[in-house]
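# Structural overview for review
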Amino acid sequence: MSPRPIYLDNNATTRVDPRVVETMLPYFTEQFGNPSSMHAFGAKVGGAVREARERVQALLGAQHDHEIVFTSGGTESDNAALLAALDMNPARDEIVTSAVEHPAILSLCEHLTKTRGTQVHMIGVDRQGRLDIDAYKKALSDKTAIASIMWANNETGTINPVIDLAELAKGAGALFHTDAVQAVGKVPIDLKWTPIDMLSLSGHKLHGPKGIGALYVKRGVRFKSLMKGGHQERGRRAGTENVPGIVGLGTAAKLALDTLAEDTARMSRLRDRLEKGLLQRIGSCFVTGDPMSRLPNTCNIAFEFIEGEAILLLLNREGIAASSGSACTSGSLEPSHVMRAMRVPQTAAHGATRFSFSRENTEEDVDHVLAVLPGIVEKLRELSPFWSKGKGDAGSFQPTYA
Ligand SMILES: *Cc1c(COP(=O)(O)O)cnc(C)c1O
C-alpha cells in the first residue's frame, strides 16, 4: 500500500490550481485566435490577455498594466532584465548581484564575464543568508548598469530588504532588478511606492502553469526585447503570446491576491509546527536562513553527518517530497552554492533539507513528516562513519529559536 503523497517541494514548483486550468481551457480550443489579428478571433483573445495583465498588475501593486511584460518564465525575465540594462547604457557596464541568486542570474553573469568581460560584483552573505550591505554599497558606482538582488531566496527563504537596496542603487544612478519568483504570492508587494525598476516572476511557483512568467518594467525605464521578432508586448517581448499561459497566470495572480493574508498565515503556522517538532525530536540539526526575515512557507533544516540525498530517498519511500539544495543543482555531490556562500559547515551543509509549503498543505502533512523523519535520520546516522554524538563542527551555528 503506497501512502498518500505529501508534496513539500513547492519552491521547486506548485500544482496548477484546478481553477487556473479551468480558465485556460477555452484558449486551447474555441478561443484560439492570435491577439495581433485584426478580426474577431484576435479581439476576443486580446481582451483576455488584457484582463490577465491587469490581474498581474494588481498582485504587484504596479501603477500601469503596461508595466507588465509576459515572458516564458522566471529565467527569461531575469535574462531579459540584465541584458536590457547592459544594452541601454554603454557607459555603464558593470553588474552588482549576490552569491546566492538563482542560476538564471548567476549563469548569465558568468557567461557575460567570459564572453564580454563584464565586471560582476558578487556580494556575499552572512550565516543567515543576509546580504553584506556594506559590500553592496561599496560595489555600486557610476559604472554600475544594474544591481540585481533576489527578493527571497529559494533555498532558505531569507528575504532581502529590496526596497532599501533599490534606493541605494538609484543613489548610484543604476537600475535595480529583483528576482521575486519566490516572493510573489507569499509576501505583500506594492511596487508603485518603491524605486524598484524591474521585477521577475514565474507562473509555476504560484499555482500557475509552467512556461509563463512576467517581467515588471517600471514606466520610464528604457527597455529592449531580448527576443528579436514581432512587436508583441509593446515591442518588449517578440513572439506570439502564450495566450492560455497568460490567462492561467492571470487567474493564479488573482487567486494569490484574494487569499494572500490567510495563505501566508496558514503556511507559516504549518512551517513553524514542522520546524519546532523536528528540532524537538532530532538532535544535531538547525534551521538555516534568517529567522527574522523569511518566507512564510520555507523551512530549510541542516541535519549533521548525513546526506540530504539519502534523506530525500527515504522520505520519498514514505510518499513525502522534499528537496536538498535546489532542484537545479541536485545531482552533484557538492553542497549548494547557497549553503557554501553562507559557510554552513560541510558536515551539516550536506544534510540540508528543504521543506516548502503551499496553501494546499495540511496539518496531517506535517504530522506525517514528524512521525517518520526522526526514524530516518537515526537510521542514516547509524550508518554514517562521521556520526558521533556531540562532535559537530557546527559550533555557534546552533538554532537561535526553537
Ligand atoms: C524557479 C525560480 C526561477 C526560474 O523560474 P522558471 O520559471 O522556472 O524559469 C528563477 N528564480 C528563482 C528564485 C526561482 O525560484
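Along each chain, numbering runs from 1 in the same order as the chain's sequence is written. Two thresholds apply to this predicted model, a pLDDT of at least 70 for residue-level local features and 80 or more for giving and counting side-chain atom pairs, whereas whole-chain, interface and lining totals are computed over all residues. Side-chain numbers come from the whole structure's heavy atoms, not from hydrogens or water.

## So, the site of the ligand
When at least one non-hydrogen atom of a residue lies within 4 Å of a molecule or strand, that residue is treated as near it. For the ligand, the full set of nearby residues is Gly73, Gly74, Thr75, His102, Met150, Asn154, Asp179, Val181, Gln182, Ser202, His204 and Lys205. Residue Asp179 places a side-chain N or O atom 2.7 Å away from a nitrogen atom belonging to the ligand. Here a polar contact is taken to be a pair of N or O atoms separated by no more than 3.5 Å, where protein atoms must pair a possible hydrogen donor with a possible acceptor and residues adjacent in sequence count only if both atoms sit in side chains. Within the side chain of Lys205, a nitrogen or oxygen atom sits 2.8 Å from an oxygen atom of the ligand. Here the residues of the shell around the ligand sort into two nonpolar, eight polar and two charged. Each residue gets one of three labels, nonpolar for Ala, Val, Leu, Ile, Met, Phe, Trp, Tyr, Cys and Pro, charged for Asp, Glu, Lys and Arg, and polar for the others, Gly among them.

## Notes on the sheet that holds strand S2 (residues 68–71)
Hydrogen bonds between backbone atoms are what pair the strands of a sheet, whose relative direction is either parallel or antiparallel. As summarised here, the arrangement of the seven strands in space is S2-S8-S7-S6-S5-S3-S4, forming an open sheet in which the pairing is mixed. The open sheet has two free edges, formed respectively by S2 and strand S4 (119–123), since each of these has just one partner strand. Strand-to-strand twist in this sheet, taken as the mean axis angle between neighbours without regard to direction, amounts to 20°. DSSP-based pairing: two strands are paired if at least 2 bridges between them are found. Numbering of helices and strands runs from the N terminus; a helix is a DSSP stretch of H or I covering at least four residues, while a strand is a stretch of E covering at least two. As paired elements, strand S3 (residues 94–98) and S4 share five bridges and run parallel to each other. Bridge assignment links Thr97 to a residue of S4, and that residue is Met122. Note on contacts: a residue pair is in contact if any heavy atoms of the two residues lie within 4.5 Å. Working convention: axes come from line fits to C-alpha atoms, limited for helices to the stretch in contact. Angles between N-to-C directions cover 0 to 180 degrees. Its contacts with the sheet place helix H6 (residues 162–171) against strand S5 (144–148) and strand S6 (175–179), and it is angled at close to 155° to S6.

## A few points about the side chain of Thr71
Along the chain, the position of Thr71 falls in strand S2. By relative accessible area, Thr71 is classed as buried at 5%. One polar contact links the side chain of Thr71 to the main-chain carbonyl oxygen of Gly73, over a distance of 3.1 Å. When residues no more than four places from it in sequence are discounted, the contact partners of Thr71 are Glu76, Ser77, Gly211, Ile212, Gly213, Ala214, Leu215 and Arg237. Each residue's exposure class comes from its accessible area (1.4 Å probe, protein chains only) as a fraction of the maximum for that residue type: buried when under 20%, exposed when over 50%, partly exposed otherwise.

## A few points about the sheet that holds strand S9 (residues 285–288)
As summarised here, the arrangement of the three strands in space is S9-S10-S12, forming an open sheet in which the pairing is antiparallel. At either end of the open sheet lies a strand with only one pairing partner, and these are S9 and strand S12 (352–356). Strand-to-strand twist of the sheet, defined as the mean angle between neighbouring strand axes without regard to direction, takes the value 30°. Relative to S12, strand S10 (residues 298–303) runs antiparallel, the two sharing five bridges. Bridge assignment links Asn300 to a residue of S12, and that residue is Arg354. Lying over the sheet, helix H9 (residues 260–281) contacts S9, S10 and S12, oriented at roughly 15° with respect to S10. Relative to the sheet, helix H10 (residues 308–317) contacts S10 and S12, its axis offset from that of S12 by approximately 45°.

## Remarks on the packing of aromatic side chains
Two aromatic rings, taken as a pair, are described by how far apart their centres are and by the angle between their planes. Two rings belonging to Phe, Tyr or Trp (six-membered ring only in the last case) form a pair when the distance between their centres is within 6.5 Å. Interplanar angles under 30 degrees mark stacking, angles over 60 mark edge-to-face geometry, and anything in between is tilted. In this structure the tally under the stated criterion is one aromatic pair. Each ring, one from Phe32 and one from Phe41, has its centre 5.5 Å from the other, and the planes form 40°; the classification is tilted. Note on Phe32: relative accessible area 56%, which makes it exposed.

## Some remarks on the pattern of salt bridges
One side-chain nitrogen of Lys or Arg within 4 Å of one carboxyl oxygen of Asp or Glu is enough to make a salt bridge. Across all of its chains, the model carries 20 salt bridges by this definition. For Arg359, the salt bridge identified is with Asp17, shortest N-O distance 2.9 Å. Placement of Arg359 in the loop between S12 and helix H13 (363–383) and of Asp17 in the loop between strand S1 (6–7) and helix H1 (18–24) is noted, with a sequence separation of 342 residues between them. Comparing Arg359 with Asp17, the two get one shared label, buried. Taking the shortest distance from any N to any O, the salt bridge between Glu76 and Arg237 comes out at 2.8 Å. Residue Glu76 is found in helix H3 (residues 74–88), and its partner Arg237 is found in the loop between helix H7 (232–235) and helix H8 (243–258); the two are separated by 161 residues along the sequence. Judged by its relative accessible area of 10%, Glu76 falls in the buried class. Within this structure, Asp17, Arg19, Asp263 and Arg359 form a network of salt bridges that share partners.

## Focus on unusual backbone geometry
The phi angle at Arg234 is positive, at roughly 55°, despite the residue not being glycine. Summarising the element assignment, Arg234 is placed in helix H7. A relative accessible area of 62% places Arg234 in the exposed class. Here Arg343, not a glycine, exhibits a phi torsion of approximately 55°, which is positive. Take Arg343: it is sitting in the loop between helix H11 (337–341) and helix H12 (346–349). A residue is classified by how much of its surface remains accessible, and Arg343, at 55% relative accessible area, is exposed.

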